[in-house]
Amino acid sequence: MYQQKQKFQNLLLMIIDAACIVASYLFVSFVRLKCRPNPMSLSMNDVVGTLWLVFLAYFCVFIFFNMNQYLMQRDKYEEFVYVIKVNIFMAAVLAVIFFLARQMDYLSRGVWMFTVIGNIVLMYAGHLGIKQILKRQYALGDKQHMYLITTSDRVEKVLEQLKSTEEFCPYAVRIAILDEDRRGEIIGGFPVVASMENLFDDARREIVDVAYINISYSTGESLEGFIEEFEKMGITVQLNINVLEGKEGFGKRIDMIGDYPVVSFAPRFFDYNKLVMKRMIDIVGALVGLVITAVVTVFLAPVLKLESPGPLFFKQKRVGKNGRYFYIYKFRSMYKDAEARKAALMEKNEMKGLMFKMTDDPRVTKVGKFIRATSIDELPQFWNILKGDMSLVGTRPPTVDEFQQYEARHKRRLSMKPGLTGMWQVSGRSNIEDFEEVVRMDLDYIDNWSLQLDAQILLKTIVVIFKKVGAK
């Protein structure tokens, strides 16, 4: 029931938000055409023809933010801040999309500014209105009558959890405690109406929409009688899953594999919409990056080849997401026998842990030192990004020999795709001399990942490259 209401709420808000931006754009455009000279001879039909650009901008913003599931938890001030943030991003996306589509005649500075301002007003009013409607619907509609079946050691905690979702899914709760006869007591504002003795008799006489059984059990066999008896009465049964208890450090959700319900645990679950947006950004960034790579190759290839005969590109097997192997590509910055000479240099490794780093590495060519300092050697990795092996922003992909020495805790840094840049690269790069510090930063990135964080890292990367911070 909760998931159904959540989907309805999200769909309703999506429609409202789309209608607000369209209404703002059309109204401001209409006022512009009626109240100001129109040297371009634009008409409202022409304006309507550009609505697909507005919808495209809204789609991008919706995927980027998509925080409507928290509508009922935000107060008026938090809602206003959220709407402002969304519309700042909307303003930027609108400008970029109309510019790329060469339709800036329709999005003058006045239309652009007042469309965003109008959308702020409409969206904020719409969100507050929808919130009031939903609260009224849940308060005045058919209230769910829950029959809570539990034990004395669990009852208070279960009620606290129910109350935390009460503003969205209110219940009229009646309690049955199995291990003690506490009939007549009031716990958490709800009456205890049954014990083991009269459990089913009470359910037959009273209104019960759902029977929520929350007890400790080793198998489901002991509960079959409970479930069957409630099923005979046509009552929906909800059962707590013991394996979920005591796993507070993990994200938890229920999935289906075929016909089997399964419990999924993970340190963090990512919003699918945002992952799709991240991949779309990767593809666009990779295409732009490959154009730059092609231009650089024309000038770099002759110089690199003259100094050091050998292949233009360096290809190395690396380890990607969750242990997948792939070949990473770089402009070759070392002599072609560099890998064979690495073993002899291991005693000069300046990195503590499972990485290799050496100042004034004799395997690096003169041209190689320049392209490393400017990060030009990394440009061919845009091909890895386009293929899907890597992302613009992620964690550092280890070599195979590094990966084979990992402890279990190290592998979690591979739970996201490796990146062309990342938290480690913008935090000093080669100045960091402890592998455990690299792991810590990678896990910090994973645990706090968002599209906004990716954008911040990309901007910091540009600064780091130009300042040559930690480049060796």
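Residues numbered from 1 in each chain as written. Predicted model: local features only at pLDDT ≥ 70, side-chain atom pairs only at ≥ 80, totals over all residues. Heavy atoms only, no water.

Going by what an unreviewed UniProt entry lists, the protein is known as Sugar transferase and is assigned to Candidatus Fusicatenibacter intestinigallinarum. UniProt's Subcellular location (unreviewed entry) comment on the protein is quoted here verbatim: "Membrane". Per UniProt, the protein has the following entry under Sequence similarities (unreviewed entry): "Belongs to the bacterial sugar transferase family." (UniProt positions renumbered as here; feature names shortened; annotations may be inferred.)

Caption draft 1: Summary view of the overall build of the protein. Helices and strands together make up the secondary structure of the protein, namely 16 helices and twelve strands. Within the protein, the fraction of its 472 residues that count as buried is 44%. Considering only intrachain contacts with a sequence separation of at least 6, the fraction spanning at least 24 residues in the protein is 71%. Entry remark: accessible area of the protein is about 25700 Å², with carbon and sulfur atoms responsible for 61%. (Helix = DSSP H or I, 4+ residues; strand = E, 2+ residues; numbered from the N terminus. Buried < 20%, exposed > 50% of the residue type's maximum accessible area, 1.4 Å probe, protein only. Contact = heavy atoms within 4.5 Å. Areas by Shrake-Rupley, 256 points an atom, 1.4 Å probe, with all protein chains shown as cover.)

Caption draft 2: Representation of helix α11 (residues 366–373) within the structure. Within α11 the residues assigned to the buried category are V367, G368, I371 and A373. Looking at the packing, one finds that the buried side of α11 touches α9 (272–307), β10 (325–331) and α16 (451–467). S375, located one to two residues past α11, shows a positive phi value of around 65 degrees.

Caption draft 3: Inspection of the packing of helix α3 (residues 51–64) against α9 at higher detail. It is the contact of α3 with α9, at a shortest axis distance of 8 Å, that shows an interaxial angle of 120 degrees. Of the possible angle classes, the one that applies to α3 and α9 is oblique. Contact residues: α3 offers C60, F62, I63 and F64, while α9 offers N273, K274 and M277. Looking at the contact of α3 with α9 residue by residue, the class counts come to five nonpolar, one polar and one charged. (Axes fitted to C-alpha atoms, helices over the stretch in contact; angles between N-to-C directions. Parallel < 35°, antiparallel > 145°, perpendicular 65-115°, else oblique. Nonpolar A, V, L, I, M, F, W, Y, C, P; charged D, E, K, R; others polar.)

Caption draft 4: Up close: the pattern of salt bridges. Under the definition given, this model contains 17 salt bridges. Ionic pairing is found between E229 and K232, a salt bridge with its closest N-O pair at 3.9 Å. One end of the pair is E229 and the other is K232, both in helix α8 (residues 224–232) and three residues apart, which spans about a single turn. Close ionic contact of E437 with R440 constitutes a salt bridge, the shortest N to O distance being 2.7 Å. Taken together, the residues E437 and R440, both in helix α15 (residues 435–447) and three residues apart, mark about one turn of the helix. On the basis of relative accessibility, which here comes to 30%, the residue E437 falls in the partly exposed class. One salt-bridge network, in which partners are shared between bridges, spans D201, R204, E229 and K232. (Salt bridge = Lys/Arg side-chain N within 4 Å of Asp/Glu carboxyl O.)

Caption draft 5: Layout of the nonpolar core. By size, the foremost hydrophobic cluster in this structure holds 71 residues, and its most contacted members are Y25, V54, L94, F98 and Y445. Looking at this core element by element, the count peaks at ten residues for α3. Apart from the residues within four sequence positions on either side, F98 is in contact with Y25, T50, L53, V54, Q103, M104, Y106 and L107. With 16 residues, the next largest nonpolar core counts L178, V208, Y217 and F230 among its residues. (Core = buried A, V, L, I, M, F, W, Y, C linked by side-chain atoms within 4.5 Å.)

Caption draft 6: Just the packing of aromatic side chains, in detail. All told, the structure shown has nine aromatic pairs when counted by the stated rule. Taking 5.9 Å as the distance between ring centres and 55 degrees as the angle between the ring planes, the aromatic pair formed by F200 and F226 counts as tilted. Placement of F200 in helix α7 (residues 199–205) and of F226 in helix α8 is noted, with a sequence separation of 26 residues between them. An aromatic cluster of at least three residues, connected via ring pairs, comprises Y147, F200, F226 and F230. (Phe/Tyr/Trp six-rings, centres within 6.5 Å; stacked < 30°, edge-to-face > 60°.)

Caption draft 7: Fine view of unusual backbone geometry. Positive phi values are uncommon outside glycine, yet R102 reaches one of about 55 degrees. Structurally, R102 can be placed in the loop between α4 (76–100) and α5 (109–140). On the accessibility criterion, R102 (76% relative accessible area) is exposed. Phi at N322 takes a positive value of approximately 55 degrees, unusual for a residue other than glycine. Among the structural elements, N322 can be located in the loop between β9 (313–319) and β10. The class of N322 is partly exposed, set by a relative accessible area of 43%.

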